[in-house]
Amino acid sequence: PIAFRASSITTTLAATGVRRVLALRVPQLQDRKGVLLAASRTRTLLAPTRSCMADTAAPMKRSSLTIGTHDGTFHCDECLATHILRNTDKYRDARVLRSRDPAKLASCDIVVDVGAELDASQSKFDHHQRGFTRVFKDGSLGHSIKLSSAGLVYEQFGRDVIGARLGSAASDANVDAVYLHVYKSFVMPIDAVDNGVMPFDSTDAPRYTDTTSVSSRVGKLNPRWNETVDATGIDERFETAVKLVGAEFDAAVSYAADAWLPARSIVEDALARRTDVHSSGQIAVLSQFCPWKDHLYTLEDEAGLSEDAKPLYVLYQDSSGGWRVQCVSATPSSFNNRKSLPEPWCGVRDAALDELSGIPGCVFVHANGFIGGNKTYDGALAMAVKAVEWS
């Protein structure tokens, strides 16, 4: 029988003292045949959603600390680095000094993206020096993009910022999952753009995926070539850029914490229980629909699954109450499937598909064979089982 465990995520917004609960409840509903009857998620918010790094309502004393960075044209990496630092306890509301004068930078409490020196113990985070090759976590996670000041500061302080957002210790597994996800999905493209790294080499898989284009939008805030702006005006534009990239960073963290992470637990549960669905382990059933593809590939890699142990099909209930059976693609970016639905079913619908497949309640199979539908869980499961066995 199929039974889905309940899980919950509790987060505390440490900066505001507001407690927020995200409860992901999946009732253990099953009948004698082990047919999934229903699944639901209850999301309880005990306080309104705020920006993940929002200021508290009470006025705060401005920090006496100073963040140093270069003057002139600003870039997305030092803007994000500034935002991350301002969301740590130490540098919250720190002022920014923009200069290339070593004497002035020496007076700063932390320096990013200038100075040609990387020394965390001295609070110096630059990546422009000759021989700099550092990548995130020294490449231990397979990343190959050199860090910019954004990545350097995120690597050093990001876990604490994420921990504060989740209301958990920096060593918590959920903090680690969000920390790594936000680096890959948001910070790494900024590192890559700043270092001039192309996403592709010929037909190879992309080194990174830039979903925001925030680096180019930050760049457009700089004065135009034929526009005269004094130093004060440029500093004001820098602060505008910090707010721009900071808001998008906050949104990326919020999505990772409130949507990406809960989805991971659903997919993890489906992957763990797939042999309860079918002895082959090649059919996974989601307790409720969620964005599952990114998590599935990651969890498969983490579990070290062999190719024949990986799911070929994922089942989930759609918004109409029917069920979908969707093929798992060969790679995250591929249109090819590990195994498509049977070719004779492709493009066939309703009663004609019932007769052809021998399965009642069929709704459709897409002409390309990557997804199909049935009115019931039993019917969708039968379609997936026949697809596994079809050759």
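These numbers come from a predicted model, not from an experiment.

Engineer: Looking at this model, I keep getting lost on the overall build of the protein. Mind explaining?
Structural biologist: The helix and strand inventory of the protein stands at 10 helices and 12 strands. Buried positions account for 47% of the 391 residues belonging to the protein. Residue pairs in contact within the protein that sit at least 24 positions apart in sequence constitute 60% of those at least 6 positions apart. As presented, the protein carries roughly 19100 Å² of accessible surface, and 51% of it is formed by carbon and sulfur atoms.

Engineer: Would you take a moment to explain the sheet that holds strand β6 (residues 118-119) for this structure?
Structural biologist: The strands that make up a sheet are held in pairs by hydrogen bonds between backbone atoms, and each pair lies either parallel or antiparallel. The 5 strands lie next to each other as β4-β3-β5-β7-β6, forming an open sheet whose pairing is mixed. Each edge of the sheet is formed by a strand with only one pairing partner; in this case those strands are β4 (95-98) and β6. Across 2 bridges, strand β5 (residues 110-112) lies against strand β7 (residues 124-125) in parallel orientation. In the sheet register, V111 faces β7, and the bridge partner there is K124.

Engineer: For this particular structure, what's the right way to read the sheet that holds strand β9 (residues 313-317)?
Structural biologist: Sheet architecture is open: 5 strands sit in the order β8-β9-β10-β12-β11, paired in mixed fashion. Only two strands of the sheet have a single partner each, and these edge strands are β8 (283-285) and β11 (362-365). Strand-to-strand twist in this sheet, taken as the mean axis angle between neighbours without regard to direction, amounts to 20°. Taken together, the 5 bridges between β9 and strand β10 (residues 323-327) define a ladder with antiparallel strand orientation. Note on β10: the bridge partner recorded for V314 is Q326. Contacting β8, β9, β10, β11 and β12 (371-374), helix α10 (residues 377-389) runs over the sheet at an angle of about 175° to β9.

Engineer: Would you take a moment to explain the pattern of salt bridges for this structure?
Structural biologist: As a working rule, side chains carrying opposite charge can pair if their charged atoms are close by. Evaluation of the coordinates by the stated rule reveals 16 salt bridges. D318 serves as the salt-bridge partner of R324, at 3.2 Å between the closest nitrogen and oxygen. For R324, a relative accessible area of 27% gives the class partly exposed. A salt bridge links R349 to D350, with the shortest nitrogen-to-oxygen separation between them at 3.8 Å.

Engineer: Sorry, what's going on with helix α8 (residues 293-303) here?
Structural biologist: Residues spaced three or four apart along an α-helix face the same direction, because each turn holds 3.6 residues. Of the residues making up α8, those classed as buried are H295, L296, Y297, L299 and E300. Where the residues of α8 are buried, they touch α6 (231-272) and β9.

Engineer: In this structure, what is going on with the nonpolar core? I would like to understand it.
Structural biologist: Within soluble globular proteins, side chains that are nonpolar generally end up buried alongside one another. Counting 53 residues, the largest nonpolar core has L80, Y154, V182, F186, V187, V245 and F249 as its most contacted members. Counting residues per element, the ones that place at least two in this core are α1 (76-86), β5, α3 (149-166), α4 (173-194), α5 (214-219) and α6. When near neighbours in sequence (up to four residues on either side) are disregarded, V182 contacts Y154, V187, F249, A252, V253 and A256. The next biggest cluster of nonpolar side chains, apart from the first, holds 24 residues, and it includes L315, C327, A384 and V385.

Engineer: Hey, could you run me through the packing of aromatic side chains in this one?
Structural biologist: Within this structure, the stated rule accounts for 11 aromatic pairs. Centroid distance F136 to Y179: 5.7 Å. Interplanar angle 50°. Geometry classified as tilted. Within this pair, whereas F136 is found in the loop between β7 and α3, its partner Y179 is found in helix α4, the two being separated by 43 residues in sequence. You can call F136 buried: its relative accessible area is 0%. According to the relative accessible area criterion, Y179 is buried, its value standing at 0%. Judged by centre distance (5.1 Å) and plane angle (70°), the ring pair of W323 and Y377 falls under edge-to-face.

Engineer: Help me understand the confidence of the model for the protein, please; the structure alone is not making it clear to me.
Structural biologist: In low-pLDDT segments, the atomic positions of the prediction should not be examined closely. On average, residues of the protein carry a pLDDT of 83, and 83% of them reach 70 or more. Here residues 1-60 scores under 50 on pLDDT; set against residues more than four positions off or in separate chains, the count is 127 contacts.

Engineer: Can you walk me through unusual backbone geometry in this structure?
Structural biologist: For residues that are not glycine, phi is negative in most cases, and the peptide bond is trans in most cases. In the Ramachandran plot, D93 falls in the positive-phi region, its phi being about 65° despite a non-glycine side chain. Tracing the chain through its elements places D93 in the loop between α1 and β4. If you check the backbone angles, D350 has positive phi at about 50° while not being a glycine. Looking at the element boundaries, D350 is found in helix α9 (residues 350-357).

Engineer: Where do I start with the packing of α3 against α6 in this structure?
Structural biologist: Any two packed helices are characterised by how steeply their axes cross, that is the angle between the axes, and by the distance between the axes. At a closest axis distance of 11 Å, the pairing of α3 and α6 adopts a crossing angle of 55°. As the angle between them shows, α3 and α6 are arranged oblique. Regarding α3 and α6, the two cross each other, and that crossing is right-handed. Residues Y154, V161, I162, R165 and L166 of α3 form the contact with α6, whose own contacting residues are F249, V253, S254, A257 and D258. For the contact of α3 with α6, the residue count by class is 7 nonpolar, 1 polar and 2 charged.

Cut-off values and rules
- Residues numbered from 1 in each chain as written.
- Predicted model: local features only at pLDDT ≥ 70, side-chain atom pairs only at ≥ 80, totals over all residues.
- Heavy atoms only, no water.
- Helix = DSSP H or I, 4+ residues; strand = E, 2+ residues; numbered from the N terminus.
- Buried < 20%, exposed > 50% of the residue type's maximum accessible area, 1.4 Å probe, protein only.
- Contact = heavy atoms within 4.5 Å.
- Areas by Shrake-Rupley, 256 points an atom, 1.4 Å probe, with all protein chains shown as cover.
- Pairing = 2+ DSSP bridges.
- Axes fitted to C-alpha atoms, helices over the stretch in contact; angles between N-to-C directions.
- Salt bridge = Lys/Arg side-chain N within 4 Å of Asp/Glu carboxyl O.
- Core = buried A, V, L, I, M, F, W, Y, C linked by side-chain atoms within 4.5 Å.
- Phe/Tyr/Trp six-rings, centres within 6.5 Å; stacked < 30°, edge-to-face > 60°.
- pLDDT = per-residue confidence, 0-100.
- Parallel < 35°, antiparallel > 145°, perpendicular 65-115°, else oblique.
- Left-handed = near helix turned anticlockwise from the far one by under 90°.
- Nonpolar A, V, L, I, M, F, W, Y, C, P; charged D, E, K, R; others polar.

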